[in-house]
Amino acid sequence: MATIYDCSVESDLLTGMRLARAAIGRGELVVIPTDTVYGVAADAFSPAAVQRLLDAKGRGRQSPPPVLVPGIPTLAALAEHVPAEVDALVQAFWPGGLTIVLPAAPSLVWDLGETRGTVALRMPQDRIALELLSETGPLAVSSANLTGHPAARTAAEAEGMLGDSISVYLDGGEAGTGYERVEGKDSSSTIVDATALASGSGKLRILRHGVISADQLREVVGDALADPEQAETPSDA
């Protein structure tokens, strides 16, 4: 049975991080805190590990996981083109609760699922997640829950859903406390699609409304953000 490591205790933090790094290296799954919800993480460059992540959540390849990165410079390495408006969003909201979908760099050798040549990228604002990312590199990370269930906000909630499919649970306390909780509002990251903007064929579109509001986005990019009636997309996009 997988152990939950309380990262507020120094000895647990050191042990948990060491075991988490080793598990990622073996292609296994780790649950980590982020600034929004808990996530289940896998080596983004291991197709078997990514498939293990999808299987643990009960998801198909048509729902590829986002990729968490340790720093802003990694964005340019993983995306084919980063428009100026995306640079502005990153400066305003990274690290934080904004996921950005861009055309993936064609040189990348990975298999995240049916991405149609895109990648969803985010730099989280959580010291435990960032420390692990700094040592492992980019990780495929999806919310730590079974498909159709609410995203876990604690390590215990994640363990209750995912059980022994996870090798290591890192407990960083309740996730999402840095954002205002609104009844009925998604506590996950906001997802914006910048693929049309990158190709010069359209504007930024909101794929999922989360902790960063449309008004906050518009303050940064102005008219580059599509109007709400143009931006709505199915929640599993």
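As the structure is a computational prediction, the values presented were derived from the model and not from experiment. (Residues numbered from 1 in each chain as written. Predicted model: local features only at pLDDT ≥ 70, side-chain atom pairs only at ≥ 80, totals over all residues. Heavy atoms only, no water.)

1. With respect to the environment of G160
Note the following rule: Strands here mean DSSP runs of E at least two residues long; helices mean DSSP runs of H or I at least four residues long; both are numbered from the N terminus. Exposure categories follow from relative accessible area, calculated using a 1.4 Å probe and restricted to protein chains: below 20% of the type maximum is buried, above 50% is exposed, and the middle band is partly exposed.
With respect to the helices and strands, the residue G160 is situated in helix α6 (residues 155-162). Here G160 falls in the exposed class, since its relative accessible area comes to 63%. It is 9.9 Å that separates the C-alpha atoms of G160 and L146, two residues lying 14 residues apart in sequence.

2. Topic: the nonpolar core
Rule in force here: What makes a nonpolar core is a set of buried Ala, Val, Leu, Ile, Met, Phe, Trp, Tyr and Cys residues whose side-chain atoms join them at distances within 4.5 Å. Contacts are assigned to residue pairs that have any heavy atoms within 4.5 Å of one another.
With 56 residues, the main nonpolar core has V31, V67, W94, L98, I100, L102 and L217 as its most contacted residues. Here this core gets five residues from one element, more than from any other, and that element is helix α2 (residues 47-57). Dropping the residues within four chain positions of it, V31 is found in contact with Y38, G39, V40, A144, A158, L162, I166, V168, Y169 and L170.

3. Overview of α2
What counts here: Directions drawn from the helix axis to the C-beta atoms are what define this arc.
Listed as buried for α2 are A49, V50, L53, L54, A56 and K57. Angularly, the buried residues of α2 cover 160 degrees about the axis, an arc narrow enough to put them on a single face. Where the residues of α2 are buried, they touch β3 (39-43), β7 (139-143) and α6. Backbone geometry just downstream of α2 places G58 in the positive-phi region, at approximately 75 degrees.

4. A word on the pairing of strand β9 (residues 190-193)
Going by this rule: If DSSP finds at least two bridges between two strands, the strands pair.
Burial of β9 is two-sided: the residues T190 and V192 facing one way and the residues I191 and D193 facing the other way are all buried. Pairing of strand β5 (residues 98-103) with β9 involves four bridges; the strand directions are parallel. Opposite I100, over in β9, you have V192 as the bridge partner. Pairing geometry for β9 and strand β10 (residues 205-208), over three bridges, is antiparallel. Of the residues in β10, the one forming a bridge with V192 is I206.

5. Quick word on the sheet that holds strand β4 (residues 67-68)
Where we set the bar: Every axis corresponds to a line fitted to the C-alpha atoms, with the helix fit spanning only the stretch in contact, and the corresponding angles, defined between N-to-C directions, vary from 0 to 180 degrees.
Strand order across the open sheet formed by ten strands is β1-β8-β2-β3-β7-β4-β6-β5-β9-β10, with mixed pairing between neighbours. Among the strands making up the open sheet, the edge pair consists of β1 (3-6) and β10. Packed onto the sheet, helix α5 (residues 127-136) meets β2 (30-32), β4, β7 and β8 (168-171) and runs at close to 150 degrees relative to β7.

6. Some details on the pattern of salt bridges
Spelled out, the test is: The rule for a salt bridge is simple: a side-chain nitrogen of Lys or Arg has to be within 4 Å of a carboxyl oxygen of Asp or Glu.
Taken as a whole, this structure holds six salt bridges when the rule is applied. Its salt-bridge partner being E174, residue R153 comes within 3.7 Å of it at the nearest N-O pair. Of the two residues, R153 sits in the loop between β7 and α6 while E174 sits in the loop between β8 and β9, which places them 21 residues apart along the sequence. With a relative accessible area of 9%, R153 lands in the buried category. In this structure, D193 engages R205 in a salt bridge whose closest nitrogen and oxygen atoms are separated by 3.0 Å. A residue pair is termed long-range when its members are at least 10 positions apart, and D193 in strand β9 and R205 in strand β10 qualify at twelve residues. D193 sits in the buried class, given a relative accessible area of 10%.

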